[in-house]
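# Understanding the architecture of this molecule
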Amino acid sequence: MDYFEWYLPKEKKLSYDFNTENFKLTSDESENIKYWLKIKSNKNYILPTILKISNRIHLDFIGWDNEEFFDVLVCKNKTS
């Protein structure tokens, strides 16, 4: 998780919405997360609240502008 802190503004934090004990991000997922964090940190862009990273996970920016929630959540996608 600390790895992604480099790509966030100082006052923002990334958290996981699930137990990460047996979970490992793929290199593509890591690259996508870095990319979207850099874009979101740039005030020139407006992004949707939920961004799909892969078939397994998505980013949730619901708390980016709301201090009641985590700034950025990495969440597992629901499977049907």
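Let me begin by describing the structure that accompanies this report. Every chain's residues receive numbers from 1 upward, in the order its sequence appears when written. Local features in this predicted model are restricted to residues whose pLDDT is 70 or higher, and side-chain atom pairs enter the listing and the counts only when it is 80 or higher, whereas totals over whole chains, interfaces and linings include all residues. In computing side-chain values, all of the structure's heavy atoms are included and hydrogens and water are not.

The first and last C-alpha atoms of helix α2 (residues 27-41) sit 21 Å apart over 15 residues, in line with the 21 Å expected at 1.5 Å per residue. For each residue, the accessible area found with a 1.4 Å probe, counting protein chains only, is set against the maximum for its type, and the residue is called buried under 20%, exposed over 50%, and partly exposed in between. Secondary structure elements follow DSSP: runs of H or I no shorter than four residues count as helices, runs of E no shorter than two count as strands, and numbering proceeds from the N terminus. Among the residues of α2, those classed as buried are Glu29, Ser30, Ile33, Lys34, Leu37, Ile39 and Lys40. Any helix carries an expected span of 1.5 Å times its number of residues minus one.

Relative to the elements of secondary structure, Asp60 occurs in strand β3 (residues 57-60). Within the buried core, Asp60 has no salt-bridge partner, and the shortest N-O distance to an opposite charge, that of Lys40, equals 9.3 Å. At 2.8 Å, the side chain of Asp60 forms a polar contact with the backbone nitrogen of Ile62. Filtering out sequence-adjacent residues up to four positions away, Asp60 remains in contact with Thr49, Ile50, Asp71, Val72, Leu73 and Cys75. Only four residue types enter the tally: Lys and Arg on the positive side, Asp and Glu on the negative side; His and the chain ends are excluded. Should a side-chain nitrogen of Lys or Arg be within 4 Å of a carboxyl oxygen of Asp or Glu, the pair is scored as a salt bridge. N or O atoms closer than or at 3.5 Å make up a polar contact, with two conditions inside protein: a donor-capable atom paired with an acceptor-capable one, and, for residues adjacent in sequence, both atoms drawn from side chains. By definition in these notes, contact holds between two residues if any of their heavy atoms fall within 4.5 Å.

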